[in-house]
Amino acid sequence: MPPTVPASPSPSPSPSPDSSLFSGPFPSRDSVVAALRAAGCVFAEDEAALLLDAARTPAELTTLVERRVSGLPLELVVGWAGFRGLRVAVAPGVFVPRRRTEFLVSEALAHAPHAGVVVDLCCGSGAVGLALAAALDRPEVHAADVDPAAVRCARGNLADVGGRVYAGDLFDALPDALRGRVDILAANVPYVPTGEVALLPAEARDHEPLVALDGGGDGLDVLRRVAAGAPGWLAPGGCLLVETSERQAADAVDTFTRAGLRTRLAVCEDLYAHVVIGVKG
């Protein structure tokens, strides 16, 4: 399996690669690296390896490189994202899983290593649910998202683990039979304040759905709704995990506590990840 490549800033738009570079036999890795580097791709060497692996013909390679040079996220160019050693299929208009969210999965597994019922709320591609399914012993996996494109993508990713994916707004999408049974409720909610969405890197701002990014005025609107509803769905001892930012962490912890959850904040400096964890007593 090719290595996971760190998220790379969008390259600045530049002319398409010289078609002569990609005619005839496959070009060398160095020539692809040069084309990507000229467009401003920070991880040009790693990206070139993935594009060469994905292309079956010189013409296909030309198309892949042109799409990347135009600013399309690498994951959408190759059709998948690496997440905890898994290949997670992604599609246009679907939130691309971030490496820092792997920390949320690790924290969930540390708290509930034998979880039998897992819910991936605001699931996007379903990466979190898929990673939990891969690490646990045949759990019952459910996922939900309000975005139809995300639901379609997650259904494809979770099909092999028997995951059920629902369309709808947060808990409204889930079957009532799950109430009081959920051991891990992972909710990768949008948490960018509305006024800061325009400041996001172009890869997110231009290619990912606003509903997966915009968390309202202070970025915590969806988090508050999830925290308020979670106790009714969690099993005794079950945990809710939500990713947030360093700046929002204190308010997020307070929100969880007000919802009646035993709350702590987990931080991973290496991934710059902040996860709020609430446990139902």
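To be clear, the structure that these remarks concern was listed above.
Quick look at the structure, then.

Here's the deal with the state of the cysteines
- Within this structure, the stated rule accounts for zero disulfides.
- Of all cysteine sulfurs, the one in C122 lies closest to C123, which takes part in no disulfide; the gap is 8.2 Å.
- Classification of C123 as buried rests on a relative accessible area of 7%.
- The cysteine C153 is free of any disulfide, with C123 supplying the nearest cysteine sulfur at 8.7 Å.

What about the side chain of E208?
- Relative to the helices and strands, E208 resides in the loop between helix 8 (202-207) and helix 9 (221-229).
- You can call E208 buried: its relative accessible area is 9%.
- A polar contact of 2.7 Å, which involves the side chain of E208, links it to the side chain of R98.
- Excluding residues that lie within four positions of it along the chain, E208 makes contacts with V94, F95, V96, R98, E203 and L213.

Quick look at the environment of A150
- With respect to the element layout, A150 can be found in helix 7 (residues 148-158).
- Residues A150 and V90, 60 residues apart in the sequence, show an inter-C-alpha distance of 8.8 Å.

Digging into the side chain of E107
- When you line up the elements, E107 lands in helix 5 (residues 102-111).
- Using a relative accessible area of 13% as the deciding quantity, one classes E107 as buried.
- With sequence-adjacent residues up to four places away left out, E107 is seen in contact with L241, R264, A266 and I277.

Observations concerning the sheet that holds strand 9 (residues 273-279)
- Within the open sheet, the seven strands sit side by side as 5-4-3-6-7-9-8. Their pairing is mixed. Each edge of the sheet is formed by a strand with only one pairing partner; in this case those strands are strand 5 (164-167) and strand 8 (262-268). Between one strand axis and the next, the sheet turns by 20 degrees as a mean value, whatever way the strands run.
- Across four bridges, the pairing between strand 4 (residues 140-145) and strand 5 is parallel. Looking at strand 5, one finds that A144 is bridged to Y166.
- Seen against the sheet, helix 5 touches strand 6 (182-187), strand 7 (234-244), strand 8 and strand 9 and runs at an angle of roughly 160 degrees to strand 7.

Quick look at the pattern of salt bridges
- Under the defined criterion, the tally for this structure stands at 17 salt bridges.
- Among the salt bridges present, the one from R98 reaches E208, with a minimum N-O distance of 2.7 Å. Of this pair, R98 sits in the loop between strand 2 (86-89) and helix 5 while E208 sits in the loop between helix 8 and helix 9, and the two are 110 residues apart along the sequence. We note that R98, like E208, is buried.
- With a closest N to O distance of 2.7 Å, R258 and D254 form a salt bridge. One end of the pair, R258, and the other, D254, are both in helix 10 (residues 249-258), four residues apart, so they sit about a helical turn from each other.

Remarks on helix 3 (residues 58-69)
- The end-to-end C-alpha separation of helix 3 is 16 Å, in line with the 16 Å expected for 12 residues at 1.5 Å each.
- Taken residue by residue, helix 3 has P58, L61, T62, L64, V65, R68 and V69 as its buried positions. Along the axis of helix 3, the buried positions cluster into a sector of 165 degrees, meaning they face one direction only.
- Among the structural elements, helix 1 (29-38), helix 2 (44-54), helix 4 (74-78) and helix 8 are those in contact with the buried residues of helix 3.
- Positive backbone phi, at 110 degrees, marks G71, one or two positions downstream of helix 3.

The rules behind these values
- The residue numbering used here restarts from 1 in each chain and proceeds along that chain's sequence as written.
- Whole-chain, interface and lining totals are the exception, using all residues; otherwise, since this is a predicted model, local features are given only for residues with pLDDT of at least 70 and side-chain atom pairs are given and counted only at 80 or more.
- To obtain the side-chain values, all non-hydrogen atoms of the structure were used and water was disregarded.
- The rule for a disulfide is simple: a pair of cysteine sulfur atoms within 2.5 Å.
- Between buried and exposed lies partly exposed: a residue is buried under 20% and exposed over 50% of the maximum accessible area for its type, with that area taken using a 1.4 Å probe on protein chains only.
- Strands are runs of DSSP state E lasting at least 2 residues, helices are runs of H or I lasting at least 4, and numbering of each runs from the N terminus.
- Nitrogen and oxygen atoms within 3.5 Å of one another constitute a polar contact, given that in protein one can donate a hydrogen and the other can accept it, and given that sequence-neighbouring residues count only through two side-chain atoms.
- Contact criterion: two residues are considered in contact whenever any of their non-hydrogen atoms come within 4.5 Å of each other.
- Here a strand pair is declared whenever DSSP counts at least two bridges between the two strands.
- Axes here mean lines fitted to C-alpha atoms, for a helix over just the part in contact, with angles spanning 0 to 180 degrees between N-to-C directions.
- Between Lys or Arg on one side and Asp or Glu on the other, a salt bridge is scored when a side-chain nitrogen of the former is within 4 Å of a carboxyl oxygen of the latter.
- Take the residue count of a helix, subtract one, and multiply by 1.5 Å to get its expected span.
- The arc under discussion is defined with respect to the helix axis, by the directions toward the C-beta atoms.

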